[in-house]
Amino acid sequence: MHFGLVVTDSAYAAHATALLAGAAARGWDARCFLTDTGVLLLCDEGFAAHARAHPGSVASCKHSMDHHAPEGMDLSALQGAVVIGGQYQGAKLAGAADVVLVL
């Protein structure tokens, strides 16, 4: 199963982390795309730990990062784990997933 998760709001940090952990526990290929204020999940330690444990499974919209991330947000700890790109990453996720959930 290829599970895609799109997170558009930082309020869903706990839900997103739990969904991705559950998918991984089932052996699913789980991918996540962060956009709008969802990019703030990268500041959430639980979510960031999941991203580090599954390098390349999380992508974030650079445009949303530029608009919503706090000034000075340090992503160095996530380098190599999170792809910082554009909406193309979200489209790739949607195209490859068997099911996509948008929060």
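Fair warning: this is a prediction, and the values are worked out from it, not measured in the lab.

Observations regarding the pairing of strand S3 (residues 58–61)
Residue alternation in S3 divides its side chains into two sets, Val58 and Ser60 and Ala59 and Cys61, and both sets are buried. Both strand S2 (residues 29–34) and S3 contribute to a ladder of three bridges, which runs parallel. Looking across to S3, one finds that Leu34 is bridged to Ser60. After leaving S2, the chain enters helix H2 (residues 45–53) and then returns to the sheet as S3, a path that is right-handed. Bridge analysis of S3 against strand S4 (residues 82–85) gives four bridges, and the strand direction is parallel. Within S4, the residue paired with Ser60 across the bridge is Ile84. With respect to chirality, the unit in which S3 leads through helix H3 (residues 62–68) into the neighbouring parallel S4 is right-handed.

So, how was this worked out
- Residues numbered from 1 in each chain as written.
- Predicted model: local features only at pLDDT ≥ 70, side-chain atom pairs only at ≥ 80, totals over all residues.
- Heavy atoms only, no water.
- Buried < 20%, exposed > 50% of the residue type's maximum accessible area, 1.4 Å probe, protein only.
- Helix = DSSP H or I, 4+ residues; strand = E, 2+ residues; numbered from the N terminus.
- Pairing = 2+ DSSP bridges.
- Right-handed = clockwise from strand over helix to strand, strands pointing away.

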